[in-house]
Amino acid sequence: MAIRYWPMAAAAVGFRLVLVLFGGDLHLASRPEVSTPLTSLRRLAEGYWLKQASVSPYSGSMYHGSPLLLSVLGPLTNSRADGHHAHIYCSLIFVAVDFLAAMLIRATGHKLQMARSRSLKLLDLTKAVNDTVNVSAGDVASLIYLWNPWAIVTCVGSCTSPIENLMVVIMIYGACSRLAPLAAFGYVMATHLSLYPAILVVPVILLLGYGPDAPPPKVFLIKDNDKTTRQRVVQQFSWKPVLHFIFWLFIWSCHVLLLSSVILKKVGGLHEMFEKTYGFILTVKDLSPNIGVLWYFFAEVFDFFRNFFLIVFNMNIIFMVLPLAVRLKHRPCFLAFVYTAIVAILKSYPSAGDSALYLGLLGLFVNELAEMQFTFFLFFGYIGVSLLSPVMHNLWIWRGTGNANFYFATGLAYTCLQTVLLVESVSSMIKHDRKLRLLVTS
């Protein structure tokens, strides 16, 4: 797998460059599956124009992103320049960002592979497990991310989702490597850009405290009855890197808030930024269609019940954090994938870039999830939804032969597919751990 990796990775990057340079008529930036009110580059260009006119970029209802992105990407979207060239410049940046994210996913996979090998060696299960399946999870996950059609259209479609994905990957890689400053930087930036990655603090702390994924401690205790051996193989939680992470979390948060306040000094302030970014995410004020289900639900619900259901949907994510953390605390990197998938399902403004991220992270566990069920159904289900979604949107918006229910049905099917994938992956990981326990006791 390692021999064929680099040609396939180079081909994926080359394919993106071809689409960026010669695919100007694809109009992906206007697709609701690709671009959302939070990630749209067109809205960012509008916010930058307002800022250049000494007006708050958050005035009106167009821009709801980070002020840092205005300073970094805003000059490239200057309306005085050729719009096609501005699109190319931004897309080239997103190609580089995607490639960097894929390399970090690959490095994370290699670290998880080494931790897995050490654990199996301590349990004397290396031969038994390697006889079934043993491929380079890092290479597979990286190629899945690079060749994922949703990652490609997100990269070419001029939206900021690749940057958000990169920050999440930096956070996970830094935590797996026990690099507290890097993990804190990724966490602060990911939360600043999207808010929802805030729940990933749980797997990050577990990764820093325990290290990468390993079988449950009970498996080691079954294998070794000697107390000294138990202390050697069952890794204890270390608070030092966690405290180091909290320190750098404070440092990076102060830096981000300071830079944001400087950028918005004469055109608004931090209060308006929080209201127009985090408040916009939590209150779901923009009901334009997307591949999620919240836009349709809140378009139909009575205003009297709106606040109640806002609390229900937002708290639904938080309610899942603790039970999953208790059950999967021995596999914090897999827990990060689970949280990322839950966010992609339940967030207020989902896009194809969210699915590209968690599918790439899913590839990190290709060995553990080799016996996962319904893979054929899920694979072709994702393909079917990807093809039906633009068709139903066209029938509804442009041809007038359909209605909102057509497009919502594809979003509902997409949500169901993601739920099945999440449930089956968690179930398969638990079965894998039980299999290891049976191999140890036999």
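Under an unreviewed UniProt entry, the name given to the protein is GPI transamidase subunit PIG-U, and the source organism is Sorghum bicolor. Listed in UniProt under the heading Pathway (unreviewed entry), the comment for the protein reads: "Glycolipid biosynthesis; glycosylphosphatidylinositol-anchor biosynthesis." A UniProt comment under Sequence similarities (unreviewed entry) is attached to the protein, and it reads "Belongs to the PIGU family."

### Things to note about the UniProt feature "transmembrane region" (unreviewed entry) in the protein
Mapped onto the present numbering, the UniProt feature "transmembrane region" (unreviewed entry) falls at residues 86-107, 195-211, 245-265, 277-298, 304-326, 333-349, 377-398 and 404-427. End-to-end, the C-alpha atoms of residues 195-211 are 25 Å apart, and along that stretch the chain is 59% helix and 0% strand. Structurally, residues 404-427 is divided into 100% helix and 0% strand, and its ends, taken at the C-alpha atoms, are 35 Å apart.

### Remarks on the packing of helix α6 (residues 137-147) against helix α20 (residues 352-362)
Direction vectors running N to C along α6 and α20 enclose 160°, while the axes themselves pass 7 Å from each other. On the basis of the axis angle, α6 is roughly antiparallel to α20. Between α6 and α20 the crossing geometry is right-handed. Where α6 approaches α20, its residues Ala141, Ile144 and Tyr145 are matched on the opposing element by Ala356, Leu357, Leu359 and Gly360. Within the contact of α6 with α20, the residues separate by chemical class into six nonpolar, one polar and no charged.

### Looking at the packing of aromatic side chains
Evaluated as defined, the whole model comprises 30 aromatic pairs. When the centroid spacing of 5.8 Å and the interplanar angle of 25° are considered together, the rings of Tyr58 and Tyr63 count as stacked. Relative to Phe245, the ring of Tyr187 has its centre 6.1 Å away and its plane inclined at 70°; by these criteria the two rings are edge-to-face. Of the two residues, Tyr187 is situated in helix α9 (residues 180-194) and Phe245 in helix α13 (residues 240-263); the sequence distance between them amounts to 58 residues. Side by side, Tyr187 and Phe245 carry an identical accessibility label, which is buried. Among the aromatic residues, those joined into a cluster by ring pairs are Trp295, Tyr296, Trp396, Tyr407 and Phe408. Over the aromatic face of Tyr5 sits the side chain of Arg106, whose NZ or CZ is 4.2 Å from the ring centroid.

### Description of the layout of surface pockets
As a volume, the largest pocket reaches approximately 1,100 Å³. In this structure, the largest pocket is lined by 35 residues; those nearest its centre are Asn148, Trp150, Leu359, Phe379 and Tyr382. Counting residues per element, the ones that place at least two in the lining of the largest pocket are α6, α7 (149-156), α20, α21 (375-399) and α22 (404-441). Looking at the lining of the largest pocket element by element, the count peaks at 10 residues for α21. Looking at the lining of the largest pocket, its residues break down into 26 nonpolar, seven polar and two charged.

### A look at the environment of Leu439
Summarising the element assignment, Leu439 is placed in helix α22. Judged by relative accessible area, Leu439 falls into the partly exposed class, the value being 29%. For Leu439 and Leu125, which are 314 residues apart along the polypeptide, the C-alpha to C-alpha distance reads 7.6 Å. Ignoring anything within four residues of it in the chain, the contact list for Leu439 reads Leu125 and Val129.

Rules used throughout
Each chain has its residues counted from 1, following the order in which its sequence is written. For a predicted model such as this one, the threshold for reporting local features is a pLDDT of at least 70, and the threshold for listing and counting side-chain atom pairs is 80 or more; totals across whole chains, interfaces and linings nevertheless cover every residue. Values shown for side chains rest on all heavy atoms present in the structure; no hydrogens or waters enter the calculation. UniProt positions are given in the numbering used here, feature names are shortened, and annotations may be inferred rather than shown by experiment. A helix here means a DSSP run of H or I that spans at least four residues, while a strand means a run of E at least two residues long, and both kinds are numbered starting from the N terminus. Note on definitions: angles span 0 to 180 degrees between N-to-C directions of axes, and those axes are lines fitted to C-alpha atoms, for helices only across the stretch in contact. Angles below 35 degrees are treated as roughly parallel, those above 145 as roughly antiparallel, those between 65 and 115 as roughly perpendicular, and all remaining angles as oblique. We call a crossing left-handed when the near helix sits turned anticlockwise from the far one by less than a right angle, and right-handed when that turn is clockwise. Contact definition: two residues touch when any of their heavy atoms are within 4.5 Å. Each residue is assigned to one of three groups, with Ala, Val, Leu, Ile, Met, Phe, Trp, Tyr, Cys and Pro labelled nonpolar, Asp, Glu, Lys and Arg labelled charged, and all others, Gly among them, labelled polar. Aromatic pairs are defined between Phe, Tyr and Trp rings, using the six-membered ring for Trp, whenever the two ring centres lie within 6.5 Å; interplanar angles under 30 degrees are classed as stacked, those over 60 as edge-to-face, and all others as tilted. Between buried and exposed lies partly exposed: a residue is buried under 20% and exposed over 50% of the maximum accessible area for its type, with that area taken using a 1.4 Å probe on protein chains only. By definition here, charges over rings are those cases where NZ of Lys or CZ of Arg is within 6 Å of the ring centre and within 35 degrees of the ring normal. Of the two site types, the cavity is a set of points on a 1 Å grid over the protein atoms alone where a 1.4 Å probe fits but cannot get out, and the pocket is an open set with protein on both sides within 12 Å along at least five of seven lines, each lined by residues with an atom within 4 Å of a point. Grid points are joined across faces, edges and corners, and a volume is the space filled by probe spheres set on the points.

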